[in-house]
Amino acid sequence: MKIIDIDNWSRGKLFRFYIDDMRIVMSLTVDIDVTALIEISKKCSLKFYPVMIWTVSKIVNSHSEFKYGWDGQGRLVKWDFISPSYAVFHKDDECFTKYVTEYSDNLFEFCDRFIEDGKKYDNTRNIAEEQPENHFDVSCLPWVRYKHFDVHVFDDGKFLAPVVTWGKYENNNGRFIMPLTMNIHHAVADGFHLSRFFNEVQGLIDSMDLS
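Residues numbered from 1 in each chain as written. Predicted model: local features only at pLDDT ≥ 70, side-chain atom pairs only at ≥ 80, totals over all residues. Heavy atoms only, no water.

Draft legend 1. The arrangement of the state of the cysteines in detail. Under the defined criterion, the tally for this structure stands at zero disulfides. Between Cys 44, a cysteine without a disulfide, and Cys 111, which holds the nearest cysteine sulfur, the sulfur-to-sulfur distance is 8.9 Å. (Disulfide = S-S within 2.5 Å.)

Draft legend 2. Spotlight on the environment of Ile 205. Along the polypeptide, Ile 205 turns up in helix α5 (residues 191-207). The residues contacting Ile 205, other than those within four sequence positions of it, are Ile 32, Asp 33, Val 34, Ala 36, Leu 37 and Thr 55. (Helix = DSSP H or I, 4+ residues; strand = E, 2+ residues; numbered from the N terminus. Contact = heavy atoms within 4.5 Å.)

Draft legend 3. Layout of the environment of Met 52. Assignment of secondary structure puts Met 52 in helix α3 (residues 48-60). Note on Met 52: relative accessible area 0%, which makes it buried. For the pair Met 52 and Val 100, spaced 48 residues apart in sequence, the C-alpha separation works out to 15 Å. Residues contacting Met 52, with those up to four places away along its chain left out, are Leu 37, Trp 166, Met 178 and Leu 180. (Buried < 20%, exposed > 50% of the residue type's maximum accessible area, 1.4 Å probe, protein only.)

Draft legend 4. Structural context of the side chain of Ser 41. Within the secondary structure layout, Ser 41 lies in helix α2 (residues 35-43). Its relative accessible area of 3% is what places Ser 41 among the buried residues.

Draft legend 5. Structural detail: unusual backbone geometry. With a phi close to 55 degrees, Ser 45 is a non-glycine residue in the positive phi region. The exposed category is assigned to Ser 45, whose relative accessible area is 68%. Within the chain, Asn 173 stands out as a residue other than glycine whose phi angle is a positive 55 degrees. With respect to the helices, strands and loops of the structure, Asn 173 is situated in the loop between β9 (170-172) and β10 (175-185). For Asn 173, a relative accessible area of 77% translates into the label exposed.

Draft legend 6. Spotlight on the packing of α3 against helix α4 (residues 107-120). Viewed as axis vectors pointing N to C, α3 and α4 meet at an angle of 125 degrees, and their least axial separation amounts to 10 Å. Viewed along their axes, α3 and α4 adopt a mutual orientation that is oblique. By crossing handedness, the relation of α3 to α4 is classed as right-handed. Contact with α3, carried on its side by Tyr 49, Pro 50, Val 51, Ile 53 and Trp 54, involves Leu 107, Phe 110, Cys 111 and Phe 114 of α4 and no other residues of that element. (Axes fitted to C-alpha atoms, helices over the stretch in contact; angles between N-to-C directions. Parallel < 35°, antiparallel > 145°, perpendicular 65-115°, else oblique. Left-handed = near helix turned anticlockwise from the far one by under 90°.)

These figures come from the coordinates and say nothing about function on their own.
As structure tokens, this is what we get:
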């Protein structure tokens, strides 16, 4: 964890403007080709959901703009890494459990943690535990192929972590296309950073080779 000296930070003046004068959260949805990710999941006997969570987590953890937050003393910090906080839906009662699986740069290690956490919280219908400070939010709407999705965080306008969502993937001429959304506070990121996220998610999916 690194404490940010806002006055001596290259983005400091922009940060203060978007925190103090005009609080803006940007939201963008982009269609992603997840054909390769589906194939890899099947080949490695992994579920698509944790593999996709890991994919976006890897890109999120690759860039500073997505790792800013506030520590327990209210100081602006950049975390060494941030972990996904995600929901698991239960078909039997149409309720969900939300918890954090600690991020790992290794796909298989993360998926193992995902499975263990799933067993731990299988009978929970709630926010399973106190969310660690170094987390970002992940959600999924696998029942619908949407065009845009927006999440409103009703805090004091200072939630800095990304909120990532995706919807149902559908076959389009032999390719599986899925909407992917990110919400991010303008204080820490601009359109360039938002666009890079989607480009790099697609690039990572296309380059993954676990043979």
